[in-house]
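# Descriptive structure summary
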Amino acid sequence: MNVRQFAAVSLSAAILFGGSFTSASAKGGADEKGYKETYGTSQITRQDMKDMINQHGDDKFTVPSFDASTIKNVESATKTDENGNKIKMDVWDTWPLQNADGTVAEYKGYHIVFGLAGDPKNPNDTFIYMFYKKAGDDSIDAWKNAGRVFDDEDKNKANDKYLKGQVEEWSGSALFTDDGEIRLFYTNRGDFDESKELFGRQTLTTAQVNVSEKGDNDLQVDGIEDHKSIFNGGDGKTYENVEKAFEDRNFNNNHTFRDPHYIEDKGRKYLVFEANTGTEYGYSGEDNLYNRAYYGKSMKFFRDELKNLQNSPKKETAELANGAMGIIEINDDYTFKKEKKPLLVSNTVTDEIERPNIFKKDGKFYLFTSTRGSKMTIDGIDDEDIYMLGYVSNSLDGPFKPMNKTGIVLHQDLDPNDITWTYAHYVIPQEESDKFVVTSYMTNRGYFADHKSTFAPSFLLDIKNKKSSVVKDGTLEQGQITYDGQ
């Protein structure tokens with residue numbers, strides 16, 4: 001047993017049995033009260049998640065049910081394989097082309113969404129496609145497919161060592177700039193090959209996407225330019241980098257560094273992204289279990305929950321769990337400028353708080369994230385629980401306070417084999433309405449012969465400061481991204 005392990009075991013005994021112990025490895029000198037260190041970040045606490053269970057089933061937070069018989073595939077989502085065969089693709093995570101304030105942008109009379117799509121039989125076929133339709137036509141059948149955004153050789157054209165190793169394209173966001181250009185932010189996922197010490201590096205990446213109108217009703221991608229990496233974790237002190245994540249070859253450690261979401265504030269540009277905390281911001285490890293900041297305010301809850309964790313099969317997962325909503329400032333040319341401390345962390349709760357979505361509305365910053373019960377370490381939350389959590393702040397730097405007391409905004413508890421199962425919920429502020437449109441995808445990849453992952457029916461959400469509720473009878477068309485109040 002090394003010194004770190006001895007300290008943790010001794011501290012555990014002291015807390016559970018009423019003794020006193022000071023751990024050199026726990027910040028602040030831990031005793032029978034554990035220690036409390038927020039590192040200046042906001043927390044998704046274990047108490048919040050436990051209390052959230054009591055909000056399951058509340059109509060205000062429940063994803064609407066959908067009629068499976070009405071659900072359509074995205075008919076334009078097809079591609080031709082190397083043998084000339086036509087393949088109907090799955091379409092999952094999508095994001096609209098947005099103005100800097102988060103509202104949906106209109107490009108020459110069209111609405112555009114970018115999305116991940118691929119062959120249902122090949123889980124590694126994950127690339128970004130561009131879909132578009134005339135503004136005002138909300139039918140799922142209106143969406144056309146302009147094809148892949150990037151050619152296979154695009155990653156090799158830029159003099160960028162991270163791009164050259166790209167094997168998949170993962171989620172991000174898209175900005176319609178003041179100059180009328182389309183700026184895409186996405187995740188470059190590298191190869192995983194332990195023999196070559198490659199561990200699926202995730203890199204925040206950007207490119208300008210050139211688009212033109214072809215005929216009267218069609219758009220086409222005319223290629224990309226300014227394709228470049230932005231950031232993938234730096235030295236690992238603020239955000240866990242891939243080298244640190246797998247230094248001991250523990251592949252139970254779920255490393256995340258992805259889903260860049262663009263936001264502006266006071267004339268400056270930022271990317272908010274999914275990450276894990278670095279070595280100076282509450283890194284993963286057994287000491288995390290003794291940090292009361294990750295539990296909540298009650299000392300009794302801390303003691304009881306820690307005792308439960310010590311005897312739980314989820315103990316190791318809780319030790320490793322260090323999810324974060326990261327933020328960096330970028331320059332006007334979309335290159336990296338500087339790191340900032342995490343906006344929100346989920347240490348001991350989960351490693352994955354995905355698809356950050358942030359915008360400013362009525363003077364407040366709203367931060368949303370999708371997460372799965374299957375990745376959590378909370379008793380009473382199971383593999384079928386799906387959430388979108390929400391947080392509010394008066395400043396981009398925080399602190400971010402949970403909406404609806406616990407952070408719950410949306411919840412679904414549905415068999416993943418149901419075609420109406422949804423995930424990756426995304427809140428879009430509207431120009432013409434005080435309501436917010438929520439999009440997502442529906443149907444798990446490759447589960448059915450005829451049903452593909454597709455645009456889910458959108459629905460309306462009311463948001464007032466820290467409170468939100470799903471609008472009754474507010475279901476919209478599949479893939480609808482705007483709502484004019486009608």
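Each value, and the rule that gives it
Residues numbered from 1 in each chain as written. Predicted model: local features only at pLDDT ≥ 70, side-chain atom pairs only at ≥ 80, totals over all residues. Heavy atoms only, no water. Helix = DSSP H or I, 4+ residues; strand = E, 2+ residues; numbered from the N terminus. Rg over C-alpha atoms; globule rule 2.2 N^0.38 Å. Contact = heavy atoms within 4.5 Å. Areas by Shrake-Rupley, 256 points an atom, 1.4 Å probe, with all protein chains shown as cover. Lys, Arg positive; Asp, Glu negative; His and termini not counted. Charge placed at Lys NZ, Arg CZ, Asp CG, Glu CD. Expected span 1.5 Å × (residues − 1). Buried < 20%, exposed > 50% of the residue type's maximum accessible area, 1.4 Å probe, protein only. Arc of directions from axis to C-beta. Pairing = 2+ DSSP bridges. Polar contact = N/O pair within 3.5 Å; in protein donor to acceptor, adjacent residues only side chain to side chain. Phe/Tyr/Trp six-rings, centres within 6.5 Å; stacked < 30°, edge-to-face > 60°. Axes fitted to C-alpha atoms, helices over the stretch in contact; angles between N-to-C directions. Patch = residues over 30% accessible without salt bridge, like charges linked within 9 Å, V, L, I, M, F, W, Y side chains within 5 Å. Salt bridge = Lys/Arg side-chain N within 4 Å of Asp/Glu carboxyl O.

The subject of this paragraph is the overall build of the chain. A count of helices and strands for the chain gives seven helices and 27 strands. Relative to the compact-globule value of 23 Å for 486 residues, the chain shows a C-alpha radius of gyration of 22 Å, a close match. Overall, the C-alpha framework of the chain stretches about 75 × 50 × 50 Å when taken along its three principal axes. Counting contacts in the chain only where the partners sit at least 6 residues apart, residues at least 24 apart contribute 62% of the total. Accessible area for the chain stands at about 20,100 Å²; split by element, carbon and sulfur atoms hold 42% of it. In the chain, 60 side chains carry a positive charge and 81 a negative one; their mean positions are 5 Å apart.

With 12 residues, helix α6 (residues 299–310) should cover 16 Å at 1.5 Å per step; its first-to-last C-alpha distance of 17 Å lies within 8% of that length. Of the residues making up α6, those classed as buried are F301, F302, E305, L306, L309 and Q310. End-on view of α6: buried residues confined to an arc of 155 degrees, all on one side of the axis.

The next point concerns the sheet that holds strand β1 (residues 42–43). Taken in spatial order, the five strands of this open sheet run β1-β17-β16-β15-β14, and their pairing is mixed. The sheet is open, and its two borders are formed by β1 and β14 (258–265), each paired with just one other strand. Relative to strand β15 (residues 268–276), β14 is paired through six bridges, and the arrangement is antiparallel. Bridging from a neighbouring strand, H261 pairs with V272 of β15.

The topology assignment puts Q430 in the loop between β23 (422–428) and β24 (436–442). One polar contact links the side chain of Q430 to the main-chain carbonyl oxygen of I428, over a distance of 3.0 Å. A distance of 2.8 Å separates a polar side-chain atom of Q430 from the backbone nitrogen of Y483. For Q430, the residues in contact, after removing those within four places along its chain, are T103, K361, K435, V437, I481, T482 and Y483.

Okay, the environment of L344 next. Inspection of the secondary structure puts L344 in strand β17 (residues 336–345). Along the backbone, L344 and K86 are 258 residues apart, and their C-alpha atoms lie at a distance of 44 Å. Not counting residues up to four positions away in its chain, the partners in contact with L344 are S42, Q43, I44, G323, A324, M325, I353, L367 and Y391.

So, about the pairing of β15. Across the nine residues that make up β15, a large majority, eight, are buried. Where β15 meets strand β16 (residues 323–330), eight bridges bridge the pair, whose relative direction is antiparallel. For L271, the partnering residue across the bridge sits in β16 and is I328.

Applying the stated criterion across every chain yields a total of 24 aromatic pairs. Ring centres 5.8 Å apart and planes at 75 degrees place the aromatic pair Y110 and Y132 in the edge-to-face group. Taken together, the positions of Y110 in strand β5 (residues 110–118) and Y132 in strand β6 (residues 127–134) put the pair 22 residues apart, joining distant regions of the chain. Each member of the pair, Y110 as well as Y132, is classed as buried. Between F131 and F455, the ring centres sit 5.9 Å apart and the planes meet at 85 degrees, which makes this aromatic pair edge-to-face. Pair noted here: F131 is in strand β6 and F455 is in strand β25 (residues 454–455), with a separation of 324 residues, a long-range link. The residues F131 and F455 share a single accessibility class, namely buried.

Bringing the sheet that holds strand β9 (residues 182–190) into the picture now. Pairing within the open sheet is mixed, and its eight strands lie in the order β7-β6-β5-β4-β8-β9-β12-β13. Each of the sheet's edge strands pairs with one partner strand only, and the pair in question is β7 (144–148) and β13 (218–231). Between one strand and the next, the sheet's axes are offset by a mean angle of 30 degrees, whatever the strand orientation. Here β9 pairs with strand β12 (residues 202–214) via eight bridges, running antiparallel. By the bridge assignment for β12, I182 is matched with V209.

A word on a positive patch on the surface. Together, K36, K297, K401 and K466 give the surface a local cluster of positive charge. Following the sequence through the fold, K297 ends up in the loop between β15 and α6. By relative accessible area, which is 83% here, K297 ends up exposed.

Let's shift gears to a negative patch on the surface. A cluster of like negative charges, contributed by D101, E106, E431, E432 and D484, occupies part of the molecular surface. Summarising the element assignment, E106 is placed in the loop between β4 (90–98) and β5.

In this section: the pairing of β5. With respect to burial, β5 is a largely interior element, nine of its nine residues being buried. Where burial is concerned, the two faces of β5 agree: the one with Y110, I112, F114, L116 and G118 and the one with H111, V113, G115 and A117 are both buried. Sheet topology places β5 next to β6; eight bridges connect them, and they run antiparallel. Of the residues in β6, the one forming a bridge with V113 is F131.

Here the bond from G398 into P399 is cis, since omega is 5 degrees, no more than 30 degrees from zero. Positive phi values are uncommon outside glycine, yet T348 reaches one of about 70 degrees. Residue placement: T348 occurs in the loop between β17 and β18 (354–361). The backbone phi angle of D362 is positive, close to 55 degrees, even though this residue is not glycine. With respect to the helices and strands, D362 occurs in the loop between β18 and β19 (364–372). With a relative accessible area of 74%, D362 lands in the exposed category.

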